[in-house]
Amino acid sequence: MFRDKLRRMNRIEERFAQLRRDGKKGFIVYIGAGDPNLAATRELALAFDKAGVDILELGVPFSDPLADGLVNQLAAQRGLESKTTPPKLLETIATIRKKSQIPIVLYIYFNLIHRIGMEKFIRDAAKAGVDGLLALDLPPEESDNYEALMRKSSLCHIYLVAPTTPDDRMKFIVKRGSGFIYYISREGVTGMQSKVSSNLASQVAKIRAHTKLPVAVGFGVSNPQQAQLVAQNADAVVVGSAVVNQIAENGKSKELVKRVGKFVKSLADAVKGI
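Residues numbered from 1 in each chain as written. Predicted model: local features only at pLDDT ≥ 70, side-chain atom pairs only at ≥ 80, totals over all residues. Heavy atoms only, no water.

*Asks:* What is the right way to read the sheet that holds strand β4 (residues 132-135) from this model?
*Replies:* Hydrogen bonds between backbone groups are what pair the strands of a sheet, and the pairing can be parallel or antiparallel. Read across the open sheet, the nine strands follow the order β5-β4-β3-β2-β1-β9-β8-β7-β6; overall the sheet is parallel. Both outer strands of the open sheet, β5 (156-157) and β6 (159-161), are each paired with one neighbouring strand and no more. Alignment of β4 against β5, held across two bridges, turns out to be parallel. Across the sheet, glycine 132 pairs through a bridge with cysteine 156, a residue of β5. Helix-sheet contacts for helix α3 (residues 38-51) involve β1 (26-32) and β2 (55-59), and the interaxial angle to β1 is about 170 degrees. Of the strands in this sheet, β1 and β9 (236-239) are in contact with helix α12 (residues 241-250), which crosses β1 at around 45 degrees. (Pairing = 2+ DSSP bridges. Helix = DSSP H or I, 4+ residues; strand = E, 2+ residues; numbered from the N terminus. Contact = heavy atoms within 4.5 Å. Axes fitted to C-alpha atoms, helices over the stretch in contact; angles between N-to-C directions.)

Laid out in C-alpha cells, this is it:
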C-alpha cells in the first residue's frame, strides 16, 4: 500500500488535479480508434488537445461490442476495416506522445487484453503512453490481478457505474476504481439523446458519498447545451457518439480534422464556460 502511494501520478490524475486547482470542469471525448484510419486518429488527437479536450478515450475496435449503440458500432466496423489492431493503435499513441501529453484512455473489451496477455498488454500500453484502461466487460470482483498489474504500471483502472447499479454494489465499485468514475447517465447503449437525465444530480451525489475520485458523466450528451447542463453536476463531461457521428459524416473529406475539431471546440468551450 505504501508503495502505491509513492507511485507517480499519471496524466489523468494530474489533469484532474489541475482542473480542481483552476475551478474548472473536465471535458472527455470518445472516438473509435482507426476511424477512418489511424493517421486520422493521430491528427484528431492532436487537434482535440488544442481544442481544449482534457482526456481522450479511444475505442479499440472489436467485432462483438456489448455497450455500443449503432453510431459507435459502425465506427468500430470502420476501425476493423482500416486494419486497426491493439498493437498498431499503441504504435499510433506512441507517435501522438511525440507532440502531445493529452491523457489517453483505452475503451476496450477484455477479450482483446486476454488474447494478447494481460501483463504484456498493460506493460506495452504504459510504454506507448496510455494512461488508463476502461475494460468494459471486466467486473471488479474478477479484477484483483488486473488492478495489481495496472498499479504496477502506473495506469488508472476506470470503472463504470450505471443508473441501475444497486447502492451496495456502487459503493464497492467506486472504492476499487482509480483515475475517475465513469457514470453512465442512462440505461441502454451509447447514443445521442434529446435530453439530459432528470435525476443526474442525485445520482452523482450518491457516488460522491463513497469516493473522492472525480465523477465523469457520459452516454447521450450530444450538443453544447447538454454538455453545459451535465457539467453543472459532474466533474467532467464525456461526449462520444456526437463526435463519432461527425467523423462518420466527414470521414472522406480533406476537411475532416478541421470540421470535427471545430465541433469539439464548441463543446469544450461550453464545458469550460461553467
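So much for the structure itself; the text now carries on.
*Asks:* Help me understand helix α11 (residues 224-231) in this model?
*Replies:* Within the span of α11, buried status applies to Gln226, Ala227, Val230 and Ala231. Looking straight down α11, one finds that the buried residues subtend no more than 135 degrees of arc, so they occupy a single side. For α11, the secondary structure elements touched by its buried residues are α10 (200-208), β8 (215-218), β9 and α13 (256-272). Residue asparagine 223 occupies the N-cap position of α11, its side-chain oxygen lying 3.1 Å from the main-chain nitrogen of glutamine 225. (Buried < 20%, exposed > 50% of the residue type's maximum accessible area, 1.4 Å probe, protein only. Arc of directions from axis to C-beta. Polar contact = N/O pair within 3.5 Å; in protein donor to acceptor, adjacent residues only side chain to side chain.)

*Asks:* Looking at this model, I keep getting lost on the pattern of salt bridges. Mind explaining?
*Replies:* Opposite charge on two side chains allows them to pair when their charged atoms are near. Applying the stated criterion across every chain yields a total of 14 salt bridges. Across the pair arginine 15 and aspartate 54 runs a salt bridge whose closest N-O atoms are separated by 3.4 Å. With arginine 15 in helix α2 (residues 11-22) and aspartate 54 in the loop between α3 and β2, this pair connects stretches of sequence that are 39 residues apart. A relative accessible area of 22% places arginine 15 in the partly exposed class. (Salt bridge = Lys/Arg side-chain N within 4 Å of Asp/Glu carboxyl O.)

*Asks:* Would you take a moment to explain α10 for this structure?
*Replies:* Taken together, the buried positions of α10 are occupied by Leu200, Gln203, Val204 and Ile207. The arc enclosing the buried residues of α10, seen along the axis, measures out at 95 degrees, which places them on a common side. Buried positions along α10 lie against β6, α9 (167-176), β7 (181-184), β8 and α11.

*Asks:* Can you walk me through the nonpolar core in this structure?
*Replies:* What tends to happen in soluble globular proteins is that the nonpolar side chains get buried as a cluster. Judged by nonpolar contacts, the single largest core of 92 residues is most densely connected at Phe48, Leu106, Phe180 and Val243. Once residues lying within four places of it in the same chain are set aside, the contact partners of phenylalanine 180 are Ile12, Phe16, Ile28, Ile55, Glu57, Val105, Ile158, Tyr159, Leu213, Pro214 and Ala216. (Core = buried A, V, L, I, M, F, W, Y, C linked by side-chain atoms within 4.5 Å.)

*Asks:* Could you clarify how one ought to interpret the packing of helix α4 (residues 70-81) against α12 in this entry?
*Replies:* The description of two packed helices rests on the angle between their axes and on the distance between the axes. In the contact formed by α4 and α12, the axes pass within 9 Å of each other and the chain directions differ by 50 degrees. On the basis of their axis angle, the class for α4 and α12 is oblique. The handedness of the crossing between α4 and α12 is left-handed. Across from Val71, Asn72, Ala75 and Arg78 in α4, the residues of α12 making contact are Ser241, Val244, Asn245 and Ala248. Across the contact of α4 with α12, the residue classes tally to four nonpolar, three polar and one charged. (Parallel < 35°, antiparallel > 145°, perpendicular 65-115°, else oblique. Left-handed = near helix turned anticlockwise from the far one by under 90°. Nonpolar A, V, L, I, M, F, W, Y, C, P; charged D, E, K, R; others polar.)

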